[in-house]
Each structure stands twice: as structure tokens, then as C-alpha cells.
Amino acid sequence: MMHVYADRVKHMENSAIREILKVTEQPNVISFAGGLPAPELFPLTDIRESYDRVLGAGDPSVLQYGTTEGYLPLREEIAAQMRAKGIKAEADNIFLTNGSQQGLDLIAKLFLNPGDVVLLQNPSYLGAIQTFRSYQANFKSFLTNEGGINLPDLESSIKQHCPKLIYLAPTYQNPTGTTFTIEERQAVARLASQYGIPVIEDDPYGELRYEGPILPSIKSLAAEDEVIYLGTFSKTLAPGLRLGWIVADQKIIAKLTVAKQGTDLHTSTLLQRATHYYLTHFSAAEHVEKIRQTYKLRRDLMLQELKFAFPTQARWTEPTGGMFIWLTLPEGYDTDQLLPRAAAAKVAYVPGIHFFANGGSNSSMRLNFSNPTPEQIKQGINRLAAIMKVN
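Now for a quick tour of the structure. Quantities reported herein were computed from a predicted structural model and do not represent experimental measurements.

Description of the pattern of salt bridges
Line of reasoning, step 1. On inspection of all chains with the given rule, the structure shows 12 salt bridges.
Line of reasoning, step 2. We note a salt bridge from Lys 85 to Glu 207, for which the minimum N-O separation is 2.6 Å. Note that Lys 85 is positioned in the loop between α3 (72–84) and β2 (94–97) and Glu 207 in the loop between β6 (199–202) and α8 (218–221), a separation of 122 residues in sequence.
Line of reasoning, step 3. Owing to a relative accessible area of 32%, Lys 85 belongs among the partly exposed residues under this scheme.
Line of reasoning, step 4. For Asp 116, the salt bridge goes to Lys 164, with nearest N and O atoms at 2.8 Å. Of the two residues, Asp 116 is situated in the loop between α4 (99–111) and β3 (117–120) and Lys 164 in the loop between α6 (151–161) and β5 (165–168); the sequence distance between them amounts to 48 residues.
Line of reasoning, step 5. In the salt-bridge network here, residues are joined through shared partners; they are Lys 85, Glu 207, Glu 289 and Arg 292.

Some remarks on the sheet that holds β5
Line of reasoning, step 1. Strand order in this open sheet of seven strands is β2-β8-β7-β6-β5-β3-β4, and the pairing throughout is mixed. In this open sheet, the two strands that pair with only one neighbour each are β2 and β4 (138–141). Averaged over all adjacent pairs, the angle separating strand axes in this sheet is 25 degrees, with direction ignored.
Line of reasoning, step 2. Where β3 lies against β4, four bridges are found, and the strand directions are parallel. Following the sheet pairing, Val 118 is matched in β4 by Phe 139.
Line of reasoning, step 3. Here helix α5 (residues 126–134) sits on the sheet in contact with β3, β4, β5 and β6, set at roughly 140 degrees to β4.
Line of reasoning, step 4. Sheet strands in contact with α6 are β3, β4 and β5, and its direction is about 175 degrees off that of β3.

Focus on the nonpolar core
Line of reasoning, step 1. By size, the foremost hydrophobic cluster in this structure holds 36 residues, and its most contacted members are Phe 310, Leu 367, Ile 381 and Leu 384.
Line of reasoning, step 2. Of all elements in the fold, only α11 (284–309), β10 (324–328), α12 (335–344), β13 (364–368) and α13 (374–388) reach the threshold of two or more residues within this core.
Line of reasoning, step 3. In terms of residues, this core owes the most to one element, α11, which gives seven residues.
Line of reasoning, step 4. With residues up to four places along the chain from it excluded, the contact list for Leu 384 reads Phe 32, Phe 310, Val 347, Tyr 349, Met 365 and Leu 367.

Rules and cut-offs
- For every chain, the first residue of its written sequence is number 1, and the numbers climb from 1 along that sequence.
- Restriction of local features to residues with pLDDT of at least 70 applies here, the model being predicted, together with a cutoff of 80 or more for giving and counting side-chain atom pairs; totals for whole chains, interfaces and linings are based on all residues.
- Each side-chain value is derived from all of the structure's non-hydrogen atoms; neither hydrogens nor water enter the calculation.
- Whenever Lys or Arg places a side-chain nitrogen within 4 Å of a carboxyl oxygen from Asp or Glu, that contact is recorded as a salt bridge.
- Numbering of helices and strands runs from the N terminus; a helix is a DSSP stretch of H or I covering at least four residues, while a strand is a stretch of E covering at least two.
- Residue exposure (1.4 Å probe, protein chains only): buried if accessible area is under 20% of the type maximum, exposed if over 50%, otherwise partly exposed.
- We call two strands paired when DSSP finds no fewer than two bridges between them.
- In this description, a line fitted to the C-alpha atoms serves as the axis of each element, helices being fitted only across the stretch in contact, and the angle between N-to-C directions of two axes falls anywhere from 0 to 180 degrees.
- Whether two residues are in contact is decided by their heavy atoms: any pair within 4.5 Å suffices.
- Joining through side-chain atoms within 4.5 Å is the link that ties buried Ala, Val, Leu, Ile, Met, Phe, Trp, Tyr and Cys residues into a set, and such a set is a nonpolar core.

Next comes the structure, spelled out in C-alpha cells:
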């Protein structure tokens, strides 16, 4: 039977990362491909106790339907965390989602008509590109530099393209690991207010800081309500829980509520209650510090191995936090075409081309350092060097 699908289906694409992860399921493959936390650091005992306590309290409402906005005590706890970051927020400004990816989808559903322009960094997060493309958005990008963004080009792009949304990941960006300066953050907040364009500030990695100053979020610097902030527990607790949040003006929260009701009614009641128990009965800060220490060692090791294995022509970012290093080979290399050779050598990465909405560098790749063990990092970088033969 030939089905006639909606026009938007033509704009839906498989995630390149999810396809590559199928390769990493093969035995003995060293994967730098996924944006995966280290599973050995998941707080299994604390999470198990949190669920046991919530279920063992004898309150059947933990298995009942819940409000679309989310469990109020958890929203209050997250709001307090946001205020600690300098973001003005009360519980009514917090909206709970099934991971921050759902937050992106709901925001796109609210704002985007077919043909609307989304302005973003180049390269940018593949999952955001995939979501916006499914709503038939047009993409425009602005120039970036080694430290962050080219502010004159950003303002010029706003004037020229009149975007409906601006999507940014200013802190330890996926895929490059780069971070906006305080001056860049202030300028983005000013431009958002000046032109009245909603800015999505996606911040999944902000807690994973290994060195350098703590920089304020763009939302904390914004005088108006144009900035919509996305957070998640995927990188600091566990991604399998699928729990994130949006911080926004109450008018936007009201619209998000209607949008989510048509999608899944609400996020899991039991999950929210257990997460609230965890946050209020265990030391999340100590757990995050353990993650930071481990990931810093792995980042340092990967940077060291890259220096030894790719000594001259290749270049790479040196992130001060997050999970990723962006490796760029000399012109003429095509990391997409080289991927089958890498798979044959039992090592995986994500070709950089997938992070460009309208085409970009074929010679780059994203490398994840949080998930592989130190020994895998050493072996994997050496395998990559042998395949690329850059010296």
C-alpha cells in the first residue's frame, strides 16, 4: 500500500549519530562518536534508593497522572538552582520535559511555520538541526571564531534574514566545545532585546566545567524575556531518565503546556518524584564534582594523545568543559568517506559535515572524551592517526 505522508515527513531525517552508534555496538569498537556520559559514574545506588523511598512511602499518587507543567516541588527545586545561577525564576517559570530534546521540539512547534528562518552557529548541534528541519525551517548561520562568535556578523545576519528564532549553545558547545566570552554573552542579550527575537540558550554541559571562570548564562544577562533557557539532567545524573526543563516567561510556559498536552500529557510522575527525592536527600554537587574530575582527566589525555599522534597539520579545539573536541584535518581529507575505514579499524567518530545545516567542512570530526576509558582513548586516537596518516 502506498501511503501519502504529510509534507513535513520529507524533512525528517535519521540522526547520523544514532546510525553511527549502531556500528559502535559491534565488539571491540572504540567509540568517540556518541555524546555519552561515563556509565560507571551513574549514581545507581542513590537513584535506586530514591525510587525505593518514593514507592515505599505508600502514596499511590506517585503512579497517577500529573500536571503537564511538572511536579511542583521539583520545579521549585530547579527554580532555586536557576536563581543560584543568576537567572530570575520561580516555579511558574519552570516547565519539565522528557529531556531537553523535547524542549527543542515544543519550542519549534510554538514558533516555526514552514519557511521560517532559524539562525544558528556553524557548526551546530545536530539534534537541534534535525528538530527544526522537521518543522520545515530554513537555516541561516553566522560566522564563528576560535573563541565563540563574530558579533558584527551576527547582527548583520539578524538584519538580513529576520530570523524567527536564534539557537545557541554558548557554553562548551556541541560539537566544538567552544564557549562564548562574557562580552559575547552580553552582546547576544542586547541584540535579543533590541530586535525582539527569541533566543534559545541550550545549556546541557554548563555544569561540566574543568577550568576557567564561571560565566553567566545569556538569560541571566537579558533585561527582557526573549531568552528561553534549556537545561537537562542527562549529563549530570543519567540520560536514560529523560528529564529536562525549560525556563521561560509564564506566557510561553502556558503555550508550552498546551503543546505538550497534545504530545504526551506530562512527564513521568514517578520519575519526577524520584528525581526530587534524589536532589533533596543526596549531594548532587559532590556527584557532579566527581564527574568533573574524571572527565577532566580524560580530556587532558585525549589532548595529549592528539598532540603526539597528529603533530603538525591537524588542529583541534581545547575545551574548558563539556564532552567534545573538534578535530580538523588538512583540506582534502573527507572524514565522512574515511568513516568506513575507521569502522574497519574498530574506531568511530562523527564526521563534522553532519553538524552543518547548509553544508560545511568535510575535513572535521567530533570526538567524545567522556565515555571512553583512558586506555580506549590511547588506543583509539592511535587508530585514527594510522587511518588519517597526518604527520
